[in-house]
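One letter stands for each residue in the lines below.
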Amino acid sequence: MHTAQNIEDAIRAVANPEKIKILSSFFKTEKGEYGEGDLFIGVPVPITRSIVKQYLDTPLEQLEQLLHNPIHELRMAALLCMVEQFKKADDEQRTAIYKTYLHNTTYINNWDLVDLSAAQIVGAYLEERDHTPLYQLAKSSLLWEQRISIVATWQWIRKGKFDDTLVIADILLNHPHDLIQKAVGWMLREVGKKDKQRLHKFLDSRYKNMPRTMLRYAIEKFPPEERAFYMKK
């Protein structure tokens, strides 16, 4: 069995100080920005993924410990490991991973951390269960839980199930933060890839009041003339 320290040592060994400034700027870590205080050591995602594959036997309690680390790449490693463990876990272990995930949303505190884990854990766990927890997340006061709520539905969109995505999109329709607007628009775009008419129906009664960022993301794959129509006030 490996430990949180094993993973931390492996990732710190490939840290690249030259990338720290770029990553810190990209993920908005300055005072007053959404990623304020997040710390990076300069490890690209593909390298983190490759390292995680060597430590998939790390116990969940150790991964939870790693998820509390102030270093962004180490929290990412914990989540990637949880995602991989979830895929092969039995129902009891999946429940444990899901509960650990939702108990620690404060530490899943940047958009990339949400996007690489929400559908794979929350969406996958709730797919054949009561979806109420997703609506509770959508109405949370925590930005990251709200993003989890919409991105988690990607798991269902892939299988042609759109109802929850569209209801949560309505809940978040007038959200002021661009990270939520982008996430909602992204999931609406994914719906459109599967069922363009369903997306048209959703947009036709809402596009005039939607934030422009959300709308642009939702219609990104439309032909130019359709995009022009929807972008008109």
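What counts and what doesn't
Residues numbered from 1 in each chain as written. Predicted model: local features only at pLDDT ≥ 70, side-chain atom pairs only at ≥ 80, totals over all residues. Heavy atoms only, no water. Helix = DSSP H or I, 4+ residues; strand = E, 2+ residues; numbered from the N terminus. Rg over C-alpha atoms; globule rule 2.2 N^0.38 Å. Buried < 20%, exposed > 50% of the residue type's maximum accessible area, 1.4 Å probe, protein only. Contact = heavy atoms within 4.5 Å. Areas by Shrake-Rupley, 256 points an atom, 1.4 Å probe, with all protein chains shown as cover. Lys, Arg positive; Asp, Glu negative; His and termini not counted. Charge placed at Lys NZ, Arg CZ, Asp CG, Glu CD. Core = buried A, V, L, I, M, F, W, Y, C linked by side-chain atoms within 4.5 Å. Phe/Tyr/Trp six-rings, centres within 6.5 Å; stacked < 30°, edge-to-face > 60°. Lys NZ or Arg CZ within 6 Å of the ring centre and 35° of its normal. Expected span 1.5 Å × (residues − 1).

1. A few points about the overall build of the chain
No. 1: The helix and strand inventory of the chain stands at 16 helices and 0 strands.
No. 2: In terms of C-alpha radius of gyration, the chain reaches 19 Å, essentially the compact-globule figure of 17 Å for 233 residues.
No. 3: Taken over the C-alpha atoms alone, the chain extends approximately 55 × 40 × 30 Å along its principal axes.
No. 4: Across the 233 residues in the chain, those meeting the buried criterion constitute 53%.
No. 5: Sequence-distant contacts in the chain: of pairs separated by 6 or more residues, those separated by 24 or more amount to 69%.
No. 6: As displayed, the chain has an accessible area near 11400 Å², and 51% of this comes from carbon and sulfur atoms.
No. 7: Across the chain, the mean location of the 33 positive side-chain charges is 8 Å away from that of the 31 negative side-chain charges.

2. Considerations on unusual backbone geometry
No. 1: Positioned with a positive phi, Lys-28 is a non-glycine residue whose angle comes to about 55°.
No. 2: With respect to the helices and strands, the residue Lys-28 is situated in the loop between helix H2 (20-26) and helix H3 (45-52).

3. Regarding the side chain of Gln-155
No. 1: Inspection of the secondary structure puts Gln-155 in helix H11 (residues 154-157).
No. 2: Sequence-distant contacts of Gln-155, that is, excluding residues within four places in its chain, are made with Ala-119, Gly-123, Ala-124 and Glu-127.

4. Comments concerning the nonpolar core
No. 1: Ranked by internal contacts, the top residues of the largest apolar core, which has 75 residues, are Tyr-101, Leu-188 and Leu-203.
No. 2: With 10 residues, helix H5 (residues 72-88) is the largest single contributor of residues to this core.
No. 3: The contact partners of Leu-188, leaving out residues within four places of it in the chain, are Leu-166, Ala-169, Leu-199, Phe-202, Met-210 and Ala-218.

5. Regarding the packing of aromatic side chains
No. 1: The full count for this structure, using the stated rule, is 11 aromatic pairs.
No. 2: Considering the side-chain rings of Tyr-98 and Tyr-125, the 4.1 Å spacing of their centres and the 15° angle between planes classify their relative orientation as stacked. Pair noted here: Tyr-98 is in helix H6 (residues 91-103) and Tyr-125 is in helix H8 (residues 118-126), with a separation of 27 residues, a long-range link.
No. 3: Overall, the relative accessible area of 9% leaves Tyr-125 in the buried class.
No. 4: Between Phe-229 and Tyr-230, the aromatic rings sit 5.1 Å apart at their centres with planes inclined by 75°, giving edge-to-face as the arrangement.
No. 5: For Phe-229, a relative accessible area of 39% gives the class partly exposed.
No. 6: Chaining the aromatic ring pairs together yields one cluster made of Phe-26, Phe-27, Phe-40 and Trp-111.
No. 7: Sitting over the face of the ring of Tyr-125, Arg-129 holds its NZ or CZ atom 3.8 Å from the ring centroid.

6. Some remarks on H6
No. 1: The end-to-end C-alpha distance of H6 is 18 Å, a good match for the 18 Å that 13 residues give at a rise of 1.5 Å each.
No. 2: For H6, the complete set of buried residues consists of Thr-95, Ile-97, Tyr-98, Thr-100 and Tyr-101.
No. 3: Among the structural elements, helix H4 (60-67), H5, helix H7 (111-115), H8, helix H9 (132-138) and helix H10 (143-151) are those in contact with the buried residues of H6.

These values are about where atoms sit, not about what they do.
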